Amino acid sequence: MQQLHLFFNAWVFYTRFPAPAWVVHSSENLNQASRYFPLIGACLAVWFAAVYSLASFYLPNSVSLLLAIVASLLATGAFHEDGFADLCDGFGGGWHRDDVLRIMKDSRLGTYGVAGLWGILTLKAALLYELIQHTPNLFESGLPLLVSAFMLSRAWSISLVAVLPYVQQDAQSKAKPIAVGIRRSDLIILWATSLLPLYWFSLTSAIALLVTGGVFFLLIRAWFNRRLQGYTGDALGASQQIQELVAYMAMLVMVPL
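Worth saying up front: this structure is predicted, and the values here are computed from it rather than measured.

Trainee: Any chance you could break down the overall build of the protein for me, citing the residues and the numbers?
Mentor: When helices and strands are counted, the protein shows 12 helices and 0 strands. Going from N to C terminus, the protein has its helices and strands arranged as α-α-α-α-α-α-α-α-α-α-α-α. Here the C-alpha radius of gyration of the protein, 18 Å, is about what a compact globule of 257 residues would show, namely 18 Å. In the protein, which comprises 257 residues, the proportion classed as buried is 53%. Taking all contacts inside the protein whose residues are at least 6 apart in sequence as the whole, residues at least 24 apart take part in 75%.

In structure tokens form, the structure reads like this:
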């Protein structure tokens, strides 16, 4: 039962879907719930694929894909995209660390944020459209690709908590419970689940996907460390978006898998 409490704590934090009334919500549960962050990603991948597949019965692939992206944004409340936009504003408009953190906390969206958000959504749509050309039935043959990208991007993102300090000194921050730290057991569980979809890949492709994500993990870690001397909740969301795009690009390079 405790594991169900943890899963649904992650469920309501990372999505807009409700949880059963009996679930106990607490900061401690939310901190441990990080182990299920990639599993939430798998559920969202299935949601994305289901919307796309249903729409593709009646509409062109390009329109179906855009509807699936919109459905995905609605399902998460654009949680990670918002973090990426805030990071673009902060890194684009701030010269010093304190300026960057102040701008990132501003609820208003600036030019850098708008441009970054447009760029990342457009690139995501283009990459997914190209992947669909190779795997037209995204709900069946292409589902492992989507699930892997959703899960691995979240695993790499939350792993930053283990190697960087939290630097946003804001008691109201939504990421505060997660920023307490992450247990080794939670890391083991989240990575064990994230690796499962790779069973459908060839060994070479699975290793290439992991190595590519690992390289970008180190680059993102160095980037955040240089600009922020740590991470914020927005930085984690931005990392997830970047890693998701990296996974799609790696998959396109490796086609056929």
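Here the narrative resumes, following the displayed structure.
Trainee: Provide a residue-level description of the side chain of Ser-153, including the pertinent values.
Mentor: Along the polypeptide, Ser-153 turns up in helix H8 (residues 143-163). In this structure Ser-153 comes out as buried when scored by relative accessible area, which is 1%. One polar contact links the side chain of Ser-153 to the main-chain carbonyl oxygen of Ala-149, over a distance of 2.8 Å. Residues contacting Ser-153, with those up to four places away along its chain left out, are Ser-148, Gln-240, Gln-243 and Glu-244.

Trainee: Give me the packing of aromatic side chains: which residues, what numbers.
Mentor: How two aromatic rings sit relative to each other is set out by the distance from centre to centre and by the angle between their planes. Summed over the entire model, instances satisfying the criterion amount to 19 aromatic pairs. Taking the centre distance of 6.3 Å and the plane angle of 80 degrees together, the rings of Phe-91 and Phe-224 count as edge-to-face. On the criterion of sequence distance, the pair formed by Phe-91 in helix H5 (residues 79-93) and Phe-224 in helix H11 (residues 203-227) is long-range, its members being 133 residues apart. Taken as a pair, Phe-91 and Phe-224 share a single burial class, namely buried.

Trainee: I'd like to hear about helix H3 (residues 37-56), residue by residue, with values.
Mentor: For H3, which comprises 20 residues, the first-to-last C-alpha distance of 29 Å matches the rise-based estimate of 28 Å (1.5 Å per residue) to within 8%. Of all the residues in H3, the buried ones are Phe-37, Pro-38, Ile-40, Gly-41, Ala-42, Leu-44, Ala-45, Phe-48, Ala-49, Tyr-52, Ser-53 and Ala-55. Where H3 is buried, its residues meet helix H1 (2-14), helix H4 (61-76), H5, helix H7 (111-134), H8 and helix H10 (184-195).

Trainee: Describe the environment of Gln-32, and please don't skip the residues or the numbers.
Mentor: With respect to the element layout, Gln-32 can be found in helix H2 (residues 27-32). For the pair formed by Gln-32 and Gly-119, sequence separation is 87 residues and the distance between their alpha carbons is 33 Å.

Trainee: I'd like to hear about H7, residue by residue, with values.
Mentor: End to end, H7 covers 35 Å across 24 residues, agreeing with the expected 34 Å (1.5 Å per residue, within 8%). The complete set of buried residues in H7 reads Gly-113, Gly-116, Ile-120, Lys-124, Ala-125, Leu-127, Leu-128, Leu-131 and Ile-132. Here the buried face of H7 lies against H3, H4, H5, H8 and helix H12 (233-254).

Trainee: Would you mind going over the pattern of salt bridges in detail, with residue names and values included?
Mentor: For the structure shown, the criterion picks out 7 salt bridges. Linking Asp-186 and Arg-35 is a salt bridge whose minimum nitrogen-to-oxygen distance equals 2.6 Å. Note that Asp-186 is positioned in helix H10 and Arg-35 in the loop between H2 and H3, a separation of 151 residues in sequence. Given a relative accessible area of 0%, Asp-186 falls into the buried group. Its salt-bridge partner being Arg-97, residue Asp-98 comes within 3.7 Å of it at the nearest N-O pair.

Trainee: Can you explain a nonpolar patch on the surface? Please cite residues and give values.
Mentor: A cluster of nonpolar residues, Leu-54, Phe-57, Tyr-58, Leu-59, Val-63 and Leu-67, forms a patch on the protein surface that exposes about 670 Å² of accessible area. Examined against the element boundaries, Leu-59 turns out to sit in the loop between H3 and H4. Look at Leu-59 and you get partly exposed, because its relative accessible area is 36%.

Trainee: Lay out the packing of H7 against H12 with the relevant residues and their values.
Mentor: Axis angle and axis distance: for two packed helices, these are the angle between their axes and the distance between the axes, and together they describe the pair. Between H7 and H12, whose axes approach to 10 Å, the crossing angle comes to 30 degrees. Classified by the interaxial angle, the pair formed by H7 and H12 is roughly parallel. The element H7 and its partner H12 pack so that their crossing is left-handed. Only Gln-241, Ile-242, Glu-244, Leu-245, Tyr-248, Met-249, Met-251 and Leu-252 of H12 make contact with H7, whose side of the interface consists of Ile-120, Leu-123, Lys-124, Leu-127, Leu-128, Glu-130, Leu-131 and His-134. A class-by-class count of the residues in the contact of H7 with H12 yields 11 nonpolar, 2 polar and 3 charged.

Cut-offs used in this document
Residues numbered from 1 in each chain as written. Predicted model: local features only at pLDDT ≥ 70, side-chain atom pairs only at ≥ 80, totals over all residues. Heavy atoms only, no water. Helix = DSSP H or I, 4+ residues; strand = E, 2+ residues; numbered from the N terminus. Rg over C-alpha atoms; globule rule 2.2 N^0.38 Å. Buried < 20%, exposed > 50% of the residue type's maximum accessible area, 1.4 Å probe, protein only. Contact = heavy atoms within 4.5 Å. Polar contact = N/O pair within 3.5 Å; in protein donor to acceptor, adjacent residues only side chain to side chain. Phe/Tyr/Trp six-rings, centres within 6.5 Å; stacked < 30°, edge-to-face > 60°. Expected span 1.5 Å × (residues − 1). Salt bridge = Lys/Arg side-chain N within 4 Å of Asp/Glu carboxyl O. Patch = residues over 30% accessible without salt bridge, like charges linked within 9 Å, V, L, I, M, F, W, Y side chains within 5 Å. Areas by Shrake-Rupley, 256 points an atom, 1.4 Å probe, with all protein chains shown as cover. Axes fitted to C-alpha atoms, helices over the stretch in contact; angles between N-to-C directions. Parallel < 35°, antiparallel > 145°, perpendicular 65-115°, else oblique. Left-handed = near helix turned anticlockwise from the far one by under 90°. Nonpolar A, V, L, I, M, F, W, Y, C, P; charged D, E, K, R; others polar.

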